[in-house]
Amino acid sequence: MLRCQQRERSTAAPRSPGDIVATDSGELHDVCIVGAGPAGLNAALILGRCRRDVVVIDSGKPRNGASRALHGFLSRDGTPPLELRALGRAELEPYPSVQLRQNTAVVAARRGENRFDLTLADGSTVAARILLLATGRIDLVPEKPGFREYYGLGVFHCPYCDGWEHRDETLVAYSSGETGHDLALDLRVWSRDVVLCTDGPSGLTPAQLRKLALNGVRVIEAPVVGARGGTGGVIASIVFEGHPELSCGAIFFSSDCLQKSPLAEELGCDLDDTGSVRCTGHAATQVPGLYVAGNVRGGVHLAIVAAAEGAEAGMAINNALHEADLK
Ligand SMILES: Cc1cc2nc3c(=O)[nH]c(=O)nc-3n(C[C@H](O)[C@H](O)[C@H](O)COP(=O)(O)OP(=O)(O)OC[C@H]3O[C@@H](n4cnc5c(N)ncnc54)[C@H](O)[C@@H]3O)c2cc1C
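Basis of the calculations
Residues numbered from 1 in each chain as written. Predicted model: local features only at pLDDT ≥ 70, side-chain atom pairs only at ≥ 80, totals over all residues. Heavy atoms only, no water. Pairing = 2+ DSSP bridges. Helix = DSSP H or I, 4+ residues; strand = E, 2+ residues; numbered from the N terminus. Patch = residues over 30% accessible without salt bridge, like charges linked within 9 Å, V, L, I, M, F, W, Y side chains within 5 Å. Areas by Shrake-Rupley, 256 points an atom, 1.4 Å probe, with all protein chains shown as cover. Salt bridge = Lys/Arg side-chain N within 4 Å of Asp/Glu carboxyl O. Phe/Tyr/Trp six-rings, centres within 6.5 Å; stacked < 30°, edge-to-face > 60°. Buried < 20%, exposed > 50% of the residue type's maximum accessible area, 1.4 Å probe, protein only. Contact = heavy atoms within 4.5 Å. UniProt positions renumbered as here; feature names shortened; annotations may be inferred. Domains from an automatic or database assignment. Buried area = accessible area lost by both parts, 1.4 Å probe. Near = heavy atom within 4 Å. Polar contact = N/O pair within 3.5 Å; in protein donor to acceptor, adjacent residues only side chain to side chain.

Regarding the sheet that holds strand S14 (residues 246-247)
Pairing between the strands of a sheet comes from backbone hydrogen bonds, and it takes one of two forms, parallel or antiparallel. In space, the three strands of this open sheet follow the order S12-S13-S14, with antiparallel pairing throughout. On the outer flanks of this sheet lie strand S12 (224-229) and S14, each paired with one strand and no other. Here five bridges tie S12 to strand S13 (residues 235-240), and the two strands are oriented antiparallel to one another. Counted as the bridge partner of glycine 229 is isoleucine 235 from S13.

Here it is as structure tokens:
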């Protein structure tokens, strides 16, 4: 039988999914979750079902905010990303011990003895026994005219997310060297018409060039000027300097993705060489009481995996609190 020692807010006024609570009462919550994407929302759902006193804080900047539709998420394939979040928030409503603060950021966090003290952008503070960071990542979109404008519309970074919608079209792989080589070959899954645009010297070895040619991938080394849009807000072509414009259905690029929030690093988390927070098992970090879920971690950066990691974190956190509270 689960022993719940925290106070539940069953007497609180009914909340709606968009509720914003301006100030905190100064109490020590069980858990504070920073980030209400798939990872943070699923963690809140598990923890709400465990009757934990949870505060979720979200600044409203999803990684896939530029995208029109989320793909590869069982039962929600094709759903607009913001709609998925709204559904997730609505599912938290029946759990009175979970409260949501939207459109404000955690700007500072300090770890004390068995607690974390957080400061929010609106000046309020929140304290919790456990902190879960589900703050996501940010993608570095190439600084070329049209790339940012059409990001999520015809310029993408993940063929698993958006390749199917552009199958059999002319696909551009925008990158160079080994990364470009690998990206171009990956895109062959979705189209036979793949062009690797290296925006300058390709940096490819003769063996890599041979493999690309054997697999029907053309290589254009001419400097890229930018992406040109067509009708209906989609990409029409990629434009070069000193080379004819190339009509295409989509441009896929490869770039680094950075932590959206510095909180993990500031609190002493260990980051690997891809900038991902290392876990010591089941979402725990080497910082006592600090957990991470979703794209903050490494591995597969799909939304459904982020949600699953949120569930994993929720269970691990509940177990840790339960163990600590057992007499
Ligand atoms: C263009 C594009 C298209 C994509 N398409 C797909 C797809 O089709 N299918 C798929 O599975 N995946 C897709 N992805 C990947 C998907 O977006 C991520 O896997 C998913 O969003 C990760 O969820 P998360 O909860 O870890 O982070 P996020 O969804 O990014 O949520 C993190 C949240 O934390 C908040 N936050 C950050 N710092 C703070 C702070 N200090 N204080 C308060 N809040 C904070 C942010 O505002 C954000 O709301 C796509 C990504 C991009 C860029």
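Quick word on a nonpolar patch on the surface
On the surface, a cluster of nonpolar side chains totalling about 250 Å² of accessible area is made up of Ile138, Leu140 and Leu258. Tracing the backbone shows leucine 258 in strand S16 (residues 257-259).

Digging into the packing of aromatic side chains
This model, assessed by the stated rule, comprises four aromatic pairs. Centre to centre, the rings of tyrosine 151 and phenylalanine 253 are 5.7 Å apart; their planes meet at 45°, and the pair counts as tilted. Of this pair, tyrosine 151 sits in the loop between strand S7 (137-139) and strand S8 (155-156) while phenylalanine 253 sits in strand S15 (residues 250-253), and the two are 102 residues apart along the sequence. According to the relative accessible area criterion, tyrosine 151 is buried, its value standing at 10%. The exposure class assigned to phenylalanine 253 is buried, which follows from its relative accessible area of 1%. On the numbers, 5.6 Å between centres and 80° between planes, the contact of tyrosine 160 with tryptophan 190 is edge-to-face.

Here's the deal with helix H4 (residues 177-187)
Listed as buried for H4 are Gly177, Gly180, His181, Leu183, Ala184, Leu185 and Leu187. Looking at the buried side of H4, the elements it contacts are helix H3 (159-162), strand S9 (171-174), strand S10 (194-197), helix H5 (206-214) and S15.

Points about the UniProt feature "domain: FAD/NAD(P)-binding" (unreviewed entry) in the protein
Look at the UniProt record and you will see "domain: FAD/NAD(P)-binding" (unreviewed entry) annotated at residues 29-310. With 21% helix and 28% strand, the stretch residues 29-310 has end C-alpha atoms that lie 18 Å from each other.

Some details on the domain arrangement of the protein
In many analyses, interface size is given as the accessible surface area lost on bringing the parts together. What the domain assignment lists for the protein is domain 1 (28-139 + 256-325) and domain 2 (155-253). For domain 1 versus domain 2, the distance between C-alpha centres works out to 35 Å. Contacts between the two partners involve five residues from domain 1, matched on the other side by six residues from domain 2. Interface area for domain 1 against domain 2, summed over the two sides, is near 450 Å², with a carbon-plus-sulfur share of 51%.

With respect to the side chain of aspartate 162
Assignment of secondary structure puts aspartate 162 in helix H3. When residues no more than four places from it in sequence are discounted, the contact partners of aspartate 162 are His71, Phe156 and Phe252.

A short note on the site of the ligand
Taken together, 37 residues sit near the ligand, with Asp58, Ser59, Lys61, His71 and Ala303 positioned nearest. The separation between an oxygen atom of the ligand and a polar main-chain atom of proline 38 is 3.3 Å. Residue asparagine 295 places a main-chain N or O atom 2.9 Å away from an oxygen atom belonging to the ligand. The fraction of the free accessible surface of the ligand (990 Å²) that becomes covered by protein chains is 98%. Those elements giving two or more residues to the shell around the ligand turn out to be helix H1 (38-49), strand S2 (54-58) and helix H7 (303-325).

Quick look at the pattern of salt bridges
Tallied over the full model, the rule gives twelve salt bridges. Arginine 63 is the salt-bridge partner of aspartate 139, the closest N and O atoms lying 2.6 Å from each other. A residue pair is termed long-range when its members are at least 10 positions apart, and aspartate 139 in strand S7 and arginine 63 in the loop between S2 and helix H2 (81-92) qualify at 76 residues. Linking glutamate 245 and arginine 228 is a salt bridge whose minimum nitrogen-to-oxygen distance equals 2.9 Å.

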